[in-house]
Amino acid sequence: MTEVKLEERLITCIASYLDDCPHIAVGVISPIPGSAAMLAAERQGGKVSIIGSDHPKYRCDGGVELFDQAGQGRINAFFLSGGQIDGQANINLHGVGDYPEMKVRWSGAFGSGYLYFLVPKVILFRLEHSRRVFPEKVDFISSPGVSEPGVHRPGGPHALVTNLCAFSFDKAKGRFRLDSLHKGTTLEEVQDNTGFAFDMPEHVPQTPEPTDADLTLIQSDIADAIAGPYPKFARQVFGKAA
Amino acid sequence: MLILDPTPIEAHFLRMTQYLNSADDLAALIPDGAQVAIAKPPLSPTAIAGAMIRRGIKDIHLITSPTQAYVADLLIGGGCIGLVETSGVSLGEIGPAPRFVAAVKSGALSIKDSTCPAVYAALQAGEKGQPFAPLRGLIGSEVLANRPDYKVIENPFEPGDDIVLLPAIRPDFAIIHAAKADRFGNVWVGGRHELKSLAHAAKQTLITVEEIVDEDLRLDEACAPNLISGLYVRAVAEAKQGAWPDAAPGHYPFDEDAVIAYGAQARTEEGFDTWLNDHILPAVAAE
C-alpha cells in the first residue's frame, strides 16, 4: 500500500461527520469536501448535489433551486470555509481590516449568509491551520456561528476539519471541541496554531486512517467524478484529466 | 431552408428584437451610469464586456447574479464599473480576481456585498413586479449591517419571527451570452433558468449568441421551456466565441490556461493593460 495522502485522510475524516445525511450539497472551490460527500453517499446511500457538475449523478440546478431546497430543509449537509474562522464559528469571507476598504479583500459571502443558517450540518473546512486563519475574533462576520434566540436557525456549524485535526461544534456552548488529531499531528501543534480557546477530552484520539476500501473508491470513481467540476484538483491529487 | 412567414404576433416580436451586427453595436445601447446585470459562469458575456471597455462606458452599477469571475474583473479593470453589487467575485479554483480586489481595497470601486440567494430573490421580486422579497438568514451578519437597503421586519403571520426584506432588483440591462437565438427574438439558455429570471427582471436585455438559427425555437418541445422570449430581448448579435475564456457548453470548454494567465498578469495594472491590448482592444482595429 502506498502512503496515504493528506487529501485522502481529510476526505474520510469529513465523511465521518456526514452520517444520516440523505442529501449533501457542495459549493464552489470544495473538491475535498465534495469527494467526502461522494464517499459518504457511497457508504450510506443518498444524493450529492455539486454546483457546477455536469455528471448526471451530481448535477443540480446550482441557481435558485439549491437555495430553495435549503430553505425547505431538503439539504442535510453543506460545506463552508473562511479566510478567518473564530472560536464561536463566525466565518469571514470578506477580508482583513476595516470594511469596505479592507487591507486584505477576499471574494465575498457567496451563499454562506443563507446556507449557514439553514443547513443543519455545515462542515467548516480549511487547509491552513494557523493563528491568522483561526483568530479569537474574526475581522468581519460574513455569517455568525450562533444566533440570538428567536432567529430562525435550523442550521449551523457541525464540525471544523483542518490539515491538522478535527473539531466538532457545541451549539449550546458556542465552542469547538477537539475530536481527533490527524496522523503525525501533536496536541501542542494544534494549540500553538489556534488563536481561540477550545474544549477537548482528556485523551485526544488519532483521526481514523482511511480503509483500503475507502482508498480504492476515492482513487477510482470519486477521482473521476470530481475531475468535472474541479479539474485542477483532480489533476494535482489523483493525476486525472477532466 | 424553410423560412416561416411571421404571423402578426411574430411580426410584433420582430419589431421588438433588433438583430445587430456585433457586440459593439449592442454595447452602444448602454449609457454611462446604467445598472447592468450579468450572471455567473458559464456563458459569461465576454464579447459585450469587451465592447463596453472599447467604448469607454463609465460608472456602471454592475449586479452579478449572484457571483462572477473573469468578466466582472475585466469590466472593473477596464474602468467601466463604479459600483458592484455581488455575492462574490473570484476566479474560482484559480484564485482571487485581481482587479476586483485592488479596486475594492483602494476605494476606487464601491461595493454592496450580498449573499447568493438574496440576489436571486431580489431579481425574482423584480421579475414579478413586486417591491421586495423576504429571505431567511443574514440576521446577525455584517453583510446585513452594511446593507441599509435591506430591512428586518417581524413576520406578520408569526409574532417574534424576524425576517429580512430585500428591495427588488430591476436592472436597466441584462447582458447575456447564449448558444443560439432564432429569428423571432427567442434565445435558448438550456438549463440556466436563472438567465431567464435575469432577463425577465431587467428592463432590457442584450444578448450575444454563438449562432442565429433559421428555425423557430418555439416549435421544438424540448427547446421551448428553455427560451428567453423575444418579448424581453431588445437586441441580439452573433458573436462566435463570445463567452471565451468562459465555457459555452456544447460549443467550447472553459479555457483554464487563459484564465490562469489572466490571473497572474492582471495582478499589476501594467499586466492588465497588456491583457487588454492583446485580447480586448484589437477588435476595434478589426472594424
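The text that follows walks through the structure, step by step, so that each part is easy to find.

## Digging into the overall build of chain B
Here is step 1: When helices and strands are counted, chain B shows 11 helices and 13 strands.
Here is step 2: On C-alpha atoms alone, chain B measures out to a radius of gyration of 19 Å, which is about the 19 Å that the 2.2 N^0.38 rule sets for 287 residues.
Here is step 3: Expressed along its principal axes, the backbone C-alpha trace of chain B runs to roughly 65 × 50 × 30 Å.
Here is step 4: Looking at chain B as a whole, 56% of its 287 residues are labelled buried.
Here is step 5: Put simply, 75% of the contacts in chain B that link residues at least 6 apart link residues at least 24 apart.
Here is step 6: Of the side chains in chain B, 22 bear a positive and 37 a negative charge, and the two mean positions are spaced by 5 Å.

## Thoughts on the pattern of salt bridges
Residue and element names in this part refer to chain A.
Here is step 1: All chains considered together, the criterion is met by 19 salt bridges over all chains.
Here is step 2: Note that K57 and E42 form a salt bridge whose closest N and O atoms lie 3.0 Å from each other. On the criterion of sequence distance, the pair formed by K57 in the loop between β2 (47-50) and α3 (64-72) and E42 in helix α2 (residues 31-44) is long-range, its members being 15 residues apart.
Here is step 3: Given the relative accessible area of 47%, K57 is considered partly exposed.
Here is step 4: The class of E42 is partly exposed, set by a relative accessible area of 34%.

## Things to note about the side chain of B:D161
Here is step 1: With respect to the helices and strands, B:D161 occurs in the loop between β7 (151-154) and β8 (162-167).
Here is step 2: Sequence-distant contacts of B:D161, that is, excluding residues within four places in its chain, are made with A:G150, A:H152, B:R136, B:I153, B:E154 and B:N155.

## Points about the pairing of strand β11 (residues 204-212) of chain B
Residue and element names in this part refer to chain B.
Here is step 1: The element β11 is largely enclosed, with a buried count of seven among its nine residues.
Here is step 2: Note: strand β9 (residues 173-181) against β11, eight bridges, orientation parallel. Bridging across to β11, A178 finds its partner in V209.
Here is step 3: With five bridges joining them, β11 and strand β13 (residues 233-238) adopt parallel strand pairing. Within β13, the position partnered with L206 by the bridge is A235.

## Focus on the nonpolar core
Here is step 1: Core analysis: the biggest nonpolar cluster contains 132 residues, and A:L124, A:F176, B:I30, B:M52, B:L75 and B:F100 have the highest contact counts within it.
Here is step 2: The contacts of A:F176, once residues within four sequence positions are left out, are A:I85, A:D86, A:G87, A:A89, A:L124, A:L160, A:F167, A:S168, A:F169, A:F196, A:F198 and A:D199.
Here is step 3: Residues A:V26, A:A40, A:I218 and A:I226 belong to the second largest nonpolar core, which totals 38 residues.

## What to know about the pairing of strand β1 (residues 23-26) of chain A
All names here are of chain A.
Here is step 1: Because side chains alternate across β1, one face comprises the buried residues H23 and A25, and the other comprises I24 and V26, equally buried.
Here is step 2: Relative to β2, β1 runs parallel, the two sharing four bridges. The partner of V26 across the bridge, within β2, is I50.

## Notes on the interface of chain A and chain B
Here is step 1: Every contact between the two is made by 40 residues of chain A and, on the other side, 39 residues of chain B.
Here is step 2: Taken together, both faces of the contact between chain A and chain B bury some 3,000 Å²; the carbon and sulfur share is 58%.
Here is step 3: The interface formed by chain A and chain B includes two salt bridges.
Here is step 4: One salt bridge in this structure joins A:R105 and B:D113, with 2.9 Å as the shortest N-O distance.
Here is step 5: The interface formed by chain A and chain B includes 15 residue pairs in polar contact (both at pLDDT 80 or more).
Here is step 6: Those elements that place two or more of their residues in the side of chain A that touches chain B are α3, α4 (112-118) and α7 (231-238) of chain A.
Here is step 7: Of all the elements, α4(A) adds the most residues to the side of chain A that touches chain B, at five residues.
Here is step 8: By residue class, the composition of the side of chain A that touches chain B is 21 nonpolar, 12 polar and seven charged.

What counts and what doesn't
- Residues numbered from 1 in each chain as written.
- Chains lettered and ligands numbered in written order.
- Predicted model: local features only at pLDDT ≥ 70, side-chain atom pairs only at ≥ 80, totals over all residues.
- Heavy atoms only, no water.
- Helix = DSSP H or I, 4+ residues; strand = E, 2+ residues; numbered from the N terminus.
- Rg over C-alpha atoms; globule rule 2.2 N^0.38 Å.
- Buried < 20%, exposed > 50% of the residue type's maximum accessible area, 1.4 Å probe, protein only.
- Contact = heavy atoms within 4.5 Å.
- Lys, Arg positive; Asp, Glu negative; His and termini not counted.
- Charge placed at Lys NZ, Arg CZ, Asp CG, Glu CD.
- Salt bridge = Lys/Arg side-chain N within 4 Å of Asp/Glu carboxyl O.
- Pairing = 2+ DSSP bridges.
- Core = buried A, V, L, I, M, F, W, Y, C linked by side-chain atoms within 4.5 Å.
- Buried area = accessible area lost by both parts, 1.4 Å probe.
- Polar contact = N/O pair within 3.5 Å; in protein donor to acceptor, adjacent residues only side chain to side chain.
- Nonpolar A, V, L, I, M, F, W, Y, C, P; charged D, E, K, R; others polar.

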